[in-house]
Amino acid sequence: MNCLEARIVKDGIVKEGNVLKVDSFLNHQMDPELFNEMGREWKRRFEGKTITKILTIEASGIGIACIAAQHFGVPVVFAKKAKSINLDGEMYTAEVESFTHKNKNQVIVSKKFLNENDHLLLIDDFLANGCALQGLIQIAKAAGATVEGIGIAVEKGFQAGGQIIRNLGYQLESLAIVEEMNWETGEIKFREQ
Ligand code: 5GP
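Structural notes on the sheet that holds strand 7 (residues 119–127)
If you trace the eight strands from one edge of the open sheet to the other, you get 5-6-4-3-7-8-9-10, paired in mixed fashion. What marks the edges here is a single partner per strand, and that holds for strand 5 (91–97) and strand 10 (188–190). Taking each pair of neighbouring strands and ignoring which way they run, the sheet shows an average axis angle of 30 degrees. One ladder, built from eight bridges, connects strand 7 with strand 8 (residues 146–156); its direction is parallel. Note that in strand 8 the partner of leucine 127 across the bridge is glutamate 155. The strands that helix 2 (residues 32–45) touches are strand 7, strand 8 and strand 9 (172–181); relative to strand 9, the one it contacts most, it runs at about 115 degrees.

As structure tokens, this is what we get:
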């Protein structure tokens, strides 16, 4: 069991509706030492790939991406959730449906910060149905950038996103893949990797 899996077992809480709550160490209170270990592991798994930038999505991806970026020595760009959309041509945009909030958000990235010379590592905290990642992929494509790989902290392997993204041909490296979780017993099973 790796350190993220061990931490999920220790502090994660399984909620009804296929939601894993990890807000004591990942997406509310954050544990930088754990993030540092995660960054080191992604660096190892993407060894040999040229990465010029990390692209993530507001809000929970930002902390993880920033610490991971120190292992790659590259900047982080995060897609912002746009409140009012001023489509002045200066932004790449994508529509993302939120798994946890069940609403749709327009996400935007300024054209100043992504272009066709970029080789991107996409990072996010969770992968469920893959909507957030598809939005980031759409933005990367609009910029003409190359997606070199995708790093996810927790993939819920019983939802469709992982298979969809792997079928698109991307190198997807999830540090913990939850195969099953039971909100009544609290039991969590991980995929062997
Ligand atoms: P997807 O777009 O793949 O359906 O869902 C991924 C996004 O939804 C992530 O950015 C994450 O913020 C949120 N999310 C999905 N499942 C969970 C979950 O079980 N727990 C938490 N805390 N967030 C989740």
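Structure's up, so let's keep going.
As for the layout of surface pockets
In this structure, the largest pocket spans a volume of roughly 730 Å³. Around the largest pocket, the lining comprises 31 residues; the ones closest to its centre are Ser60, Ser98, Phe99, Thr100 and Asp125. When residues of the lining of the largest pocket are traced back to their parent elements, those giving at least two are strand 2 (19–21), strand 5, strand 7 and helix 4 (131–143). Broken down by element, the lining of the largest pocket gets its largest block of residues, four residues, from strand 7. When grouped by side-chain class, the residues that make up the lining of the largest pocket number 13 nonpolar, ten polar and eight charged.

Regarding unusual backbone geometry
The residue after glutamate 58, namely alanine 59, is reached through a cis peptide bond having omega -5 degrees. Examined against the element boundaries, alanine 59 turns out to sit in the loop between strand 3 (53–57) and helix 3 (61–72). Located in the positive-phi region is asparagine 18, a residue other than glycine, with phi close to 65 degrees. Note on placement: asparagine 18 falls in the loop between strand 1 (13–15) and strand 2. Positive phi values are uncommon outside glycine, yet lysine 102 reaches one of about 60 degrees. Along the chain, lysine 102 falls in the loop between strand 5 and strand 6 (104–110).

A few points about the environment of lysine 53
The topology assignment puts lysine 53 in strand 3. Residue classification places lysine 53 among the buried positions, given a relative accessible area of 16%. The spacing of lysine 53 and histidine 119 is 66 residues in sequence and 6.5 Å in space, taken between C-alpha atoms. Those residues in contact with lysine 53, other than ones at most four positions away along the chain, are Val74, Pro75, Val77, Phe113, Leu114, Asp118, His119, Leu120 and Leu121. A polar contact of 2.7 Å, which involves the side chain of lysine 53, links it to the backbone oxygen of phenylalanine 113.

What about the nonpolar core?
Residues Leu4, Ile8, Leu20, Leu26, Met38, Trp42 and Ile54 are the most contacted members of the largest nonpolar core, which totals 32 residues. Other than its neighbours up to four places away in sequence, methionine 38 contacts Leu4, Leu26, Ile64, Ala153 and Leu175. Of all hydrophobic cores here, the second largest spans 26 residues; its members include Tyr92, Ala94, Val96 and Leu120.

Notes on the packing of helix 1 (residues 3–11) against helix 2
Orientation of helix 1 relative to helix 2, taken along the N-to-C sense of each, is 145 degrees, at an axis distance of 10 Å. Judged by residue contacts, Cys3, Leu4 and Arg7 of helix 1 engage Leu34, Glu37 and Met38 from helix 2. The class makeup of the residues in the contact of helix 1 with helix 2 is four nonpolar, no polar and two charged.

Quick look at the packing of aromatic side chains
Applying the stated rule across the entire model yields zero aromatic pairs. Looking at lysine 102, its charged tip hangs above the ring of phenylalanine 99, at a distance of 4.2 Å from the centre.

Quick notes on helix 1
Residues of helix 1 that are buried include every one of Leu4, Glu5, Arg7 and Ile8, and no others. For helix 1, the angular spread of the buried residues around the axis is 165 degrees, confining them to a single face. As for helix 1, its buried residues are in contact with strand 2, helix 2, strand 8, strand 9 and strand 10. Measuring from the side-chain oxygen of the N-cap residue of helix 1 to the backbone nitrogen of leucine 4 gives 3.0 Å; that N-cap residue is asparagine 2.

Calculation rules
Residues numbered from 1 in each chain as written. Predicted model: local features only at pLDDT ≥ 70, side-chain atom pairs only at ≥ 80, totals over all residues. Heavy atoms only, no water. Pairing = 2+ DSSP bridges. Helix = DSSP H or I, 4+ residues; strand = E, 2+ residues; numbered from the N terminus. Axes fitted to C-alpha atoms, helices over the stretch in contact; angles between N-to-C directions. Contact = heavy atoms within 4.5 Å. 1 Å grid on protein atoms, 1.4 Å probe; cavity = no way out; pocket = protein on both sides within 12 Å on 5 of 7 lines; lining within 4 Å. Points joined across faces, edges and corners; volume = space filled by probe spheres on them. Nonpolar A, V, L, I, M, F, W, Y, C, P; charged D, E, K, R; others polar. Buried < 20%, exposed > 50% of the residue type's maximum accessible area, 1.4 Å probe, protein only. Polar contact = N/O pair within 3.5 Å; in protein donor to acceptor, adjacent residues only side chain to side chain. Core = buried A, V, L, I, M, F, W, Y, C linked by side-chain atoms within 4.5 Å. Phe/Tyr/Trp six-rings, centres within 6.5 Å; stacked < 30°, edge-to-face > 60°. Lys NZ or Arg CZ within 6 Å of the ring centre and 35° of its normal. Arc of directions from axis to C-beta.

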